[in-house]
Amino acid sequence: MDGTDLSTSQAAKGAKGAESGGEATCKFEEIPSVQNPSDGQKGKTECSGPVPEEKGEERLRHSSSTDPSALTSASMGEVANGYRGLGEENAAPATSNLRKVSIIPLIFLIFYEVSGGPFGIEDSVQAAGPLLSILGFLVFPFIWSIPEALITAEMGTMFPENGGYVVWVSSALGPFWGFQQGWMKWLSGVIDNALYPVLFLDYLKSGIPAVGGGLPRVFAVLGLTVVLTYMNYRGLTIVGWVAVCLGVFSLLPFIVMGLIAIPKIRPSRWLQVNLRGVDWNLYLNTLFWNLNYWDSISTLAGEVDNPTKTLPKALLYAVILVVVGYLYPLLAGTGAIPLERDQWTDGYFADIAKMIGGVWLMGWVQGASALSNMGMFVAEMSSDSYQLLGMAERGMLPEFFSKRSRHGTPLIGILFSASGVLLLSWLSFQEIVAAENFLYCFGMILEFIAFIVHRVKHPNARRPYKVPLGTVGCVLMLIPPTALIAVVLYFSSLKVAMISLGAVFIGFLLQPCLKYVEKKRWVRFSINSELPDFKEEEDDEAETLVA
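Reference entry: report on the structure contained in this document. (Residues numbered from 1 in each chain as written. Predicted model: local features only at pLDDT ≥ 70, side-chain atom pairs only at ≥ 80, totals over all residues. Heavy atoms only, no water.)

## Quick word on the overall build of the protein chain
From N to C terminus, the protein chain includes 16 helices and four strands. The burial tally for the protein chain puts 56% of its 547 residues in the buried class. Nonlocal contacts in the protein chain, meaning residues at least 24 apart in sequence, comprise 84% of its contacts between residues at least 6 apart. Here the protein chain has roughly 22,400 Å² of accessible surface; of this, 65% comes from carbon and sulfur atoms. (Helix = DSSP H or I, 4+ residues; strand = E, 2+ residues; numbered from the N terminus. Buried < 20%, exposed > 50% of the residue type's maximum accessible area, 1.4 Å probe, protein only. Contact = heavy atoms within 4.5 Å. Areas by Shrake-Rupley, 256 points an atom, 1.4 Å probe, with all protein chains shown as cover.)

## Brief notes about the pattern of salt bridges
Summed over the entire model, instances satisfying the criterion amount to eight salt bridges. Here Glu154 ties to Arg463 by a salt bridge, and the two come within 2.9 Å at their closest N and O atoms. Residue Glu154 is found in helix α3 (residues 122-158), and its partner Arg463 is found in the loop between α14 (429-457) and α15 (471-490); the two are separated by 309 residues along the sequence. The class for Glu154 is buried, based on a relative accessible area of 1%. A residue is classified by how much of its surface remains accessible, and Arg463, at 1% relative accessible area, is buried. In this structure, Glu447 and Lys185 form a salt bridge, with 2.5 Å as the shortest nitrogen-oxygen distance. On the criterion of sequence distance, the pair formed by Glu447 in helix α14 and Lys185 in helix α5 (residues 175-193) is long-range, its members being 262 residues apart. (Salt bridge = Lys/Arg side-chain N within 4 Å of Asp/Glu carboxyl O.)

## Re the side chain of Thr334
Along the chain, Thr334 turns up in helix α10 (residues 307-336). Take Thr334: its relative accessible area is 3%, and that puts it in the buried class. Engagement of the side chain of Thr334 in a polar contact is seen with the side chain of Trp270, the distance being 3.5 Å. Within the local environment of Thr334, its side chain forms a polar contact with the backbone oxygen of Leu330, the two atoms lying 2.6 Å apart. Non-local contacts of Thr334, meaning those with residues more than four positions away in its chain, are made with Val125, Pro130, Ile134, Arg269, Trp270 and Trp344. (Polar contact = N/O pair within 3.5 Å; in protein donor to acceptor, adjacent residues only side chain to side chain.)

## What to know about a nonpolar patch on the surface
Taken together, the side chains of Val248, Leu252, Ile255, Leu259, Ile262, Tyr317, Ile320, Val324 and Tyr328 make up a nonpolar region of the molecular surface, amounting to roughly 810 Å² of accessible area. Elements with a contribution of two residues or more to the nonpolar patch: α8 (236-261) and α10. Along the chain, Leu259 falls in helix α8. (Patch = residues over 30% accessible without salt bridge, like charges linked within 9 Å, V, L, I, M, F, W, Y side chains within 5 Å.)

## Regarding the packing of helix α7 (residues 214-234) against helix α12 (residues 359-393)
One way to put it is that α7 packs onto α12 with a least axis distance of 9 Å and a crossing angle of 50°. Taken together, the axis directions place α7 and α12 in an arrangement best described as oblique. Here α7 and α12 pass one another in a crossing that is right-handed. Taken together, the residues of α12 that come into contact with α7 (itself represented by Thr225, Leu228, Thr229, Met231 and Asn232) are Met374, Phe377, Val378, Met381 and Ser382. Split by residue class, the contact of α7 with α12 holds six nonpolar, four polar and no charged. (Axes fitted to C-alpha atoms, helices over the stretch in contact; angles between N-to-C directions. Parallel < 35°, antiparallel > 145°, perpendicular 65-115°, else oblique. Left-handed = near helix turned anticlockwise from the far one by under 90°. Nonpolar A, V, L, I, M, F, W, Y, C, P; charged D, E, K, R; others polar.)

Fair warning: the whole summary comes from geometry, so function is off the table for now.
Set out below in structure tokens:
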């Protein structure tokens, strides 16, 4: 619902009240659940006179999300009748003065959140050979990607606001677990983002050897992070269209490579496999890393144009784009070139391009790889920073995290995310992938539980998109990805497990510490009063993803 619809709705409610007998009067009364922003005392506002009838749980006041008056003080993420959730309007907070993200940029933002192209899938061939690699990218989307995308479509349209999966978990399991979800997902996102400046320079060092190490590399990482962070500061619309341009440029060389490779392809090469020589840890981590993070786009739902319609369609098209973007070059590379498994590591597609098309095609693939890392960086940082903004609007983080720049972007969230990237950029590629996968698995378990809890507790809540399965069917759908999570965690090294569990423990301590800070009033916590309430509503208009 845009700003015009909101104003019309409020005017209609006001007219209804006037017709029924005059103007409502309100008084303030102290109670222990909500603080008055003006005097710091806890209380509630009671109204007498004709006021519009409220349905379901307590409704919220509507006002501009950029107006400080839209923020009401409250205990971290809590209200009188539970966590704030979805209201009957099914709309994100009104930010009509800001440009919204349309479907094409949204598709490529999802593409870069999840994939960014076939860069990084080479290890799957090294770990398991062509046949298992091809089967993995065919089967894995049905086990993991599609279920995660379906959950994101349903929950993202139920809660079309910034914060995404944090709001889903908070409304189902309470603010403590919502905060843990936010902490683990933000940390895994920042760890993931620390990888991209490093990979960018790894591709660049063949042409500029100076950035291969030492102070030049340190300053290059810093400069690249600053430039890409500035792009996020300028606005999500800019980031979205930059992602479109980078995505097209990143995929084009592989389309050309596949066409040139057709005469050289030998289908028998696709069938090579040696089950005794499979590195299952590397194989599963490679598949998992390249086909997860579908839920990350939910933290930008409040910035999407008509999210209840746009988000499910964008997820559908992005799933197709990602899977085809992996299989097409994988089939071309493994089919046209004799197998040398030891050579299949990060960057090997550039060598394949040289063998198939020549030096010019290799240079194009290398350039596409470098720019793809830029696209993944800006998309991931957007998701991480808007997640912090959404958590602040729900009272989980201090109010200053909800402040927007003059471009409408979450300035503090961007700065925090950029700082995390710089602090973690010293980690190796393998450690980054393993650590983020470990934390990501814990977050996904909470999402799965929240999804089922909402189906059980709120079966009639309005769902603009609904997974076309009953509750039992949804439980069955989640069994394979849950089993996969168990396998990924089992194969994690002791070092990665200890570091990741330590990070989880920090989250357990951080949430009560923030509550103590709030209790002492050292920092202000507020809840955006424009955010919708959760209420039960019959869903006669649920859509399916294919529709």
